[in-house]
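Here's the letter readout for the chains.
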Amino acid sequence: MNKNQFWMSGNEALALGAFEAAVSVASGYPGTPSTEILENLVKYDEVYCEWAPNEKVGLEVAIGASFAGSRALATMKHVGLNVAADPLFTAAYTGVRGGLVVITADDPEMHSSQNEQDNRNYAFAAKLPMLEPSDPAETKEFIKLGYRLSEELDTPVLVRMTTRVSHVKGIVEKGEIAPRAVASVVKNAPKQVMLPALARKRRAYVEERMAKNREIAETIEINRVEMGDTKRGFICSGVSYLYVKEVFPEASVLKLGMCWPLPEKKIKAFADSVDELFIVEELDPFLETHIKAMGVTCKGKELVPDQGELNSAIVRRSIAPETAEKCFDASALPPRPPNMCAGCPHRGIFFNLSRMNVFVSGDIGCYTLGFLPPLSAMDSCVCMGASVTIAHGMIKALENAGAQGEPVHNKVVSVIGDSTFMHSGITGLLNSVYNGSSATLIILDNRITAMTGQQQNPASGKSIKGDPATSLDIEGLCRALGVKHIWTVNPHEVPETRKILKEAIDCEEMSVVVSRAPCVLLPEMKERKPVSYYTRQENCVGCGSCIRLGCPAISWTKFGEGEAEAQGYKKTQKGVSKIDENICNSCGQCASLCKFDAITRKEA
Amino acid sequence: MEKSGNILFSGVGGQGILLASEIVAYALLDAGFDAKKSEVHGMAQRGGSVTAELRYGKKVYSPLIEPGKVDLQMAFEMMEAVRYLPMLHKGSRVIVNTQKLLPPSVANGSVEYPENILDKLTEKGITVIPVDAFALASEAGEIKTVNVVMVGVLSNFLPMATSVYEEVIRAHVKERFRDVNLKAFALGRNVS
């Protein structure tokens, strides 16, 4: 590497590209695999960055900055664009003043997502150009190009990242920094007030713009033909291009850096120049469908899987199965699924819920892991904020058409994290109160957006830069929404929490329990030098109470024949528990459950 | 000296796999290779199985290693050495930290940790290099340096000189942890 080259992830390169493009304002909501974009962009002092409470807010902030003449960036994961779709579709009409780039980071394979929607479809539906880089170096260049296109065509530009671009590291070269535009207020109602009479005019402009955009797609350098052997020709975009190059380095390739709109003339000319044309793309047959609509003969999804990620082995097997080599078979092993951390405050809540006969309407975050055994205490999880509203819908169905004479208020509990509550749970709670729900909502306030790796939020008391910020009073907000029954609990006190949860569930009106304890991964929690708990094994009766917490620090040693007696335990005792002090984060939940004084805090 | 290669890092979330793979990547880059590395973040990191894939050569396209093409595997836990068997081939070398971390089903007593698990690799003809990295990390003075001990062992199978790694460690590890990590690297490097 020379001194201008750096080893960077796709997300770091994206941030560098935005910096070099002189982006002035960036807003977004964390979500894998997009999170590190803003985390890196905030390191450049010239750029104003913020975490928004949700993606719709983030995109609207970026639109505002663009209206003020600044280059703006909105970042989100694929499902976040569903939340931001409302402003996106109309921003396609208003166009931009300062360049506007919207990042959608898709997650094929659902490494950390609830669905694997293909957001290239948004470019088609919203009539917007979309760029799709293949690796970190391209990502940086495409972002800069995105801003030039945005201003040239007066349009927001979508850039689609995927997990294997965002979270791949490669060599990236630093470039020149563009001059920064001066922001100002300029009124331009025909372009920025989208009431019907004006919107109809902009609607016509959108079609003119797409026609111009299609011409640009024919000549833009990122739509490039790499002519090789003409026996096989491939059309691909994004990371799929790299898999094709890996497996068929000799073949001809049309690489589409701009995956929408498509260059029809270029595609037809390429198709004519090769014997057989293959479309290799992850997820939907997006390119294939539109290329076939041009009347071009090609093969795509009849060979290449339409679900999950691709890789070079899958591409090889799909296109040239005769060249695939046999691999060793996998060996059957106990699985190692993700688990809540030792000392996680969520565990205390889910342990209690697992012992109550309620339907748990869950939400998106670390606490979704409450679904896994041994807690198995989550019965639904759909999208951000849906815990509150799904619980309300169930309650109303039970009230309206459930079994006669049976109580309804104690049947359904919803569980939501602090960040998810602020993202899209608040309006749901407002609805529940307004429409007389009798459900119970548990807000798991761990003082941070934990799942995506510790991002600040409107309740954490800090900005994205770590500066002090106004912190939301969650209980006060619930009161303002009209909730009359509110409790705050320390989830590490497991039996105490149980009593309060029971009281809340027994309540015949909407009730809220705020479970408040910081995430153990917070830097201040890691720094506090925890005093661990340990097992006084002579007192352990093998009741298994602590084991049922499912804490990674606690393990069970089974006794063999005669072993219990030999070690001085009751003959019938099946085994003993042990705490691994290296893993223990000293939450004390196990100690609060142990009735036999077998778990004790180690005093320093 | 190998002109290209594929290194798989496997272990359990929280073992410092990402830092280990970063050190190796920087050392390869310093030696003039092109490289790409793939990681997965988010939910997978919460105590579950974690991998990082590092590829190097004159020019690297795909960021993912093809099954059957791993040359070197760094396994930070015994079971995690065997979980990716389809990624290996007969000539693969697997460096294993002989530590056992119990997955939930083993910790709660419902299944046993598989015995003699590394036999599943040796019986295929794969070279296994077992290392008690936990003991060496303790000897270095910080159990969290298991990852850097492992990098030290791995360095014996890559063409770069010790000084390249030492420089990378100095550049990428916080000052107060620098010496202990350099010691951990040296202890790993000297494993024969």
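Quick caveat: nothing in here was measured; it's all calculated off a predicted structure. (Residues numbered from 1 in each chain as written. Chains lettered and ligands numbered in written order. Predicted model: local features only at pLDDT ≥ 70, side-chain atom pairs only at ≥ 80, totals over all residues. Heavy atoms only, no water.)

Quick look at the packing of aromatic side chains now. A full pass over the atoms with the stated rule returns nine aromatic pairs over all chains. For the pair Phe33(B) and Tyr56(B), a centre-to-centre distance of 4.9 Å together with 75° between the ring planes defines the contact as edge-to-face. Here the residue Phe33(B) occupies a position in the loop between helix H1 (17–30) and strand E2 (34–39), and Tyr56(B) occupies one in strand E3 (residues 49–57), the gap between them amounting to 23 residues. One aromatic cluster is present, built from ring pairs that chain together Phe124(A), Trp260(A) and Phe286(A). Stacked on the ring of Tyr241(A), the Lys or Arg Lys255(A) has its end atom at 5.1 Å from the ring centre. Between the NZ or CZ atom of Lys602(A) and the centre of the ring of Tyr534(A), over which it lies, the distance is 5.8 Å. (Phe/Tyr/Trp six-rings, centres within 6.5 Å; stacked < 30°, edge-to-face > 60°. Helix = DSSP H or I, 4+ residues; strand = E, 2+ residues; numbered from the N terminus. Lys NZ or Arg CZ within 6 Å of the ring centre and 35° of its normal.)

A separate point is the sheet that holds strand E3 (residues 48–51) of chain A. The pairing of strands in a sheet comes from backbone hydrogen bonds and takes either a parallel or an antiparallel form. All names here are of chain A. The strand order across the open sheet formed by seven strands is E3-E2-E4-E5-E7-E6-E12, and the pairing between neighbours is mixed. Sheet topology places E3 and strand E12 (258–260) at the edges, where each strand pairs with a single neighbour. Pairing between strand E2 (residues 25–28) and strand E4 (residues 72–77): four bridges, direction parallel. Along E4, the bridge assignment pairs Ser27 with Ala74. (Pairing = 2+ DSSP bridges.)

Take the interface of chain A and chain B next. Facing 51 residues of chain A, the contacting portion of chain B comprises 59 residues. For the pair chain A and chain B, the summed buried surface comes to about 4,700 Å²; carbon and sulfur atoms form 61% of the total. Counting across the interface, chain A meets chain B through six salt bridges. Of the charged contacts, one joins Arg316(A) and Glu66(B) as a salt bridge, the two residues approaching to 2.8 Å between their closest N and O atoms. Run the count over chain A and chain B and you get 16 residue pairs in polar contact (both at pLDDT 80 or more). (Contact = heavy atoms within 4.5 Å. Buried area = accessible area lost by both parts, 1.4 Å probe. Salt bridge = Lys/Arg side-chain N within 4 Å of Asp/Glu carboxyl O. Polar contact = N/O pair within 3.5 Å; in protein donor to acceptor, adjacent residues only side chain to side chain.)

A few words now on the packing of helix H16 (residues 386–401) of chain A against helix H17 (residues 418–434) of chain A. All names here are of chain A. Interaxial distance between H16 and H17 falls to 7 Å at its minimum, and their mutual angle equals 25°. Taken as axis vectors, H16 and H17 run roughly parallel relative to one another. Handedness of the H16/H17 crossing: left-handed. When H16 is examined against H17, the residues Val388, Thr389 and His392 are found in contact with a partner set consisting of Gly425, Gly428, Leu429, Asn431 and Ser432. The residue makeup of the contact of H16 with H17, split by class, is two nonpolar, six polar and no charged. (Axes fitted to C-alpha atoms, helices over the stretch in contact; angles between N-to-C directions. Parallel < 35°, antiparallel > 145°, perpendicular 65-115°, else oblique. Left-handed = near helix turned anticlockwise from the far one by under 90°. Nonpolar A, V, L, I, M, F, W, Y, C, P; charged D, E, K, R; others polar.)

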